[in-house]
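# Fold and contact review
Listed below, chain by chain, are the residues.
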Amino acid sequence: MIVGLDIGGTKIEGVGLVPNSETEIYQTLVTHREPTNKENYEGFLHSVMSVIDEVAKHGDIESIGIGCCGSVGNDGLMQGANVTVLNGQDFIGDLQKRIDVPVAIANDADCLALSEFKDGAAKDALSSCVAIIIGTGCGSGVVINGGLVTGLNKLGGELGHNPLPHFNPEKDGPAVECYCGSMNCTESFVSGTGLGRTFSEKYFEANSKEIMALVEQGDKQAIEHFDLYCDQLARVIGSIVNFVDPEIVVLGGGMSNVDAIYPRVQDKLNQYTFTKSVRTRVVKNLHGDSSGVRGAAFLHSI
Ligand SMILES: [Zn+2]
């Protein structure tokens, strides 16, 4: 059994997966959730171990992968985690002292890419896919030659903080500063939060869900703005195609559930790629909310 853990701000979810030779999709043997103890690091470690112990009751664990906001810095210590008691701690080292199987860690976008490449929406890709999360924020995970690209600085796939390609204030609205300090970050436009922000600046206060409800009702302003959103997303994917040229781009996160995105973005993609007959497909994820925890389980298998 391979085990994946998804560490979130409110809960820690663990799954045990086993291969199913008939469907070629890994089957969930056990799922267990516990609230995240954020009071102190020892308490946090205890809640992680408690999930692992519960999952271990259902089979022998071969490996553990952890999907977590934040990353391991060059000094081996955690940084940028939203569960702040983790920051500055040797989390993987401390877990390894308690468990005698390999442990690896990656962020949620990397886990989405792995999960979908392994047995999800990008299963048919021979060697490459890029997964983009368009939810509260925006990030991506890159699989090339069948392996995850995390990079020297663990920044592989951090496209949310590159500037939006072809930014034009007449089309995209006034320049905006991101919390990271840069101007016109991609995340400020194509995340669900970004869609709400750009619409609210132009028309009236509304979040992404309210905007999409207006689109469904046939509201002209909302439809026009949604078309701009798809254009912005096509620009982002176009720049990925020009750089990495993946076989499949998988979307995840809240906005990926909007089915109208796919044909529109696919139509617009050729406008933003160097070759105008691009075959890269933009598709919805298959495993939905489970992708994070599934992808974590696959961290050792690709
Ligand atoms: Zn930024």
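All right, on to the overall build of the protein then. Check the secondary structure of the protein and you find 10 helices and 12 strands. Overall, the C-alpha framework of the protein stretches about 55 × 45 × 40 Å when taken along its three principal axes. Residues counted as buried form 52% of the 302 residues belonging to the protein. Within the protein, residue pairs in contact and separated by at least 24 positions form 63% of the contacts whose partners lie at least 6 positions apart. In the protein, the 22 positive side-chain charges and the 38 negative ones have mean positions that sit 5 Å from each other.

Looking now at the sheet that holds strand S7 (residues 103–106). Reading across from one edge, S3-S2-S1-S4-S7 is the order of the five strands in this open sheet, with mixed pairing throughout. At either end of the open sheet lies a strand with only one pairing partner, and these are strand S3 (27–35) and S7. For this sheet the average axis-to-axis angle between neighbouring strands, irrespective of direction, equals 20 degrees. Two elements, strand S2 (residues 11–18) and S3, share eight bridges in a ladder whose sense is antiparallel. Residue pairing across strands places Ile12 opposite Glu34, the latter belonging to S3.

Time to look at the coordination of the zinc ion. In this structure, His161 (ND1), Cys178 (SG), Cys180 (SG) and Cys185 (SG) serve as the protein donors to the zinc ion, at separations of 2.0 to 2.4 Å. In this structure, the zinc ion is surrounded by four donor atoms whose angles at the metal cover 105 to 117 degrees, and the resulting shape is tetrahedral. Ordering the donors of the zinc ion by residue number gives the pattern H-x16-C-x1-C-x4-C. For the pair Cys178 and Cys185, one class covers both residues: buried.

Rules of the game
Throughout this document, residue positions are counted from 1 along each chain, in the order its sequence is written. A pLDDT threshold of at least 70 governs which residues receive local features in this predicted model, and a stricter bar of 80 or more applies before side-chain atom pairs are shown or counted, although totals over entire chains, interfaces and linings include all residues. Derived side-chain values reflect all non-hydrogen atoms in the structure, with water molecules and hydrogen atoms excluded from consideration. Counting from the N terminus, the helices are the DSSP runs of H or I reaching at least four residues and the strands are the DSSP runs of E reaching at least two. When a residue's accessible area, from a 1.4 Å probe over protein chains only, is under 20% of the maximum for its type it is buried; when over 50% it is exposed; and in between it is partly exposed. Contacts are assigned to residue pairs that have any heavy atoms within 4.5 Å of one another. Positive: Lys, Arg. Negative: Asp, Glu. His and the chain ends are not part of the count. Throughout, a charge is located at the NZ atom of Lys, the CZ atom of Arg, the CG atom of Asp or the CD atom of Glu. The pairing criterion for strands is at least two bridges between them, as found by DSSP. Simply put, an axis is a line fit to the C-alpha atoms, just over the touching stretch for a helix, and the angle between two N-to-C directions goes from 0 to 180 degrees. Listed donors are limited to N, O and S atoms within 2.8 Å of the metal, widened to 3.2 Å for Na, K and Ca; water is not among them, so incomplete-looking sites are possible. In short, tetrahedral needs four donors with all angles between 85 and 135 degrees, square planar needs four and octahedral six donors with opposite donors over 155 degrees apart and all other angles between 65 and 115, and whatever is left is irregular.

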